[in-house]
Amino acid sequence: MRIDSWIWSVRLTKTRSTAAAACRGGHVRINGERAKPAQPVRPGDEVRLRHLGRERVVVVKRLVRKRVGAAIAAECFVDNSPPPPPPEHVAPVARRERGAGRPTKRERREIERLRGR
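None of the values given here were measured: they were computed from a predicted structure.

## Considerations on the UniProt feature "domain: RNA-binding S4" (unreviewed entry) in the protein chain
Now for step 1: UniProt records the feature "domain: RNA-binding S4" (unreviewed entry) at residues 1–65, using the numbering of this structure.
Now for step 2: Segment residues 1–65 splits into 25% helix and 28% strand. End C-alpha atoms: 8 Å apart.

## So, the sheet that holds strand β1 (residues 28–30)
Now for step 1: An order of β2-β1-β3-β4-β5 is seen for the 5 strands of this open sheet, with the pairing classed as antiparallel. The open sheet has two edge strands, β2 (33–34) and β5 (77–79), and neither has a second partner.
Now for step 2: Direction of pairing for strand β4 (residues 54–60) relative to β5: antiparallel, over a ladder of 3 bridges. Residue pairing across strands places V59 opposite V78, the latter belonging to β5.

## Considering helix α2 (residues 16–24)
Now for step 1: Burial in α2 covers these residues: A19, A20, A22 and C23. Relative to the axis of α2, the buried residues are bounded by an arc of 160 degrees and lie together on one face. Exposed side of α2, more than 90 degrees from the buried face: S17 and R24 are the residues found there.
Now for step 2: Residues of α2 that are buried make contact with α1 (3–9), β1 and β3 (46–51).
Now for step 3: Note on α2: the residue one or two positions beyond its end, G26, has a positive phi of about 85 degrees.

So, how was this worked out
Residues numbered from 1 in each chain as written. Predicted model: local features only at pLDDT ≥ 70, side-chain atom pairs only at ≥ 80, totals over all residues. Heavy atoms only, no water. UniProt positions renumbered as here; feature names shortened; annotations may be inferred. Helix = DSSP H or I, 4+ residues; strand = E, 2+ residues; numbered from the N terminus. Pairing = 2+ DSSP bridges. Buried < 20%, exposed > 50% of the residue type's maximum accessible area, 1.4 Å probe, protein only. Arc of directions from axis to C-beta. Contact = heavy atoms within 4.5 Å.

Quick look at the structure:
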């Protein structure tokens, strides 16, 4: 079974095209090696997926051909992912007051300095 199809069918990504793009971008590894979208996956393989700012490490238990419900999808792999970072380590998102308009040049430079750009 194709890796992009399996990642999509066990609900690790929302769409198959997203899964294929992750494979092409080098964000998916099977047993430590980069995976192309059409690379086959077998039970016992370790799949590492970097998606949405988080790394998922799963071991394939069962192959499924079609997208399945969340309960069945959870039975198809063993999740060995590290826990997500605690909320205090996640950078806060800058919010502007409603109706404040676009940031001025000075404000934009301060925002970029905070983001490290």
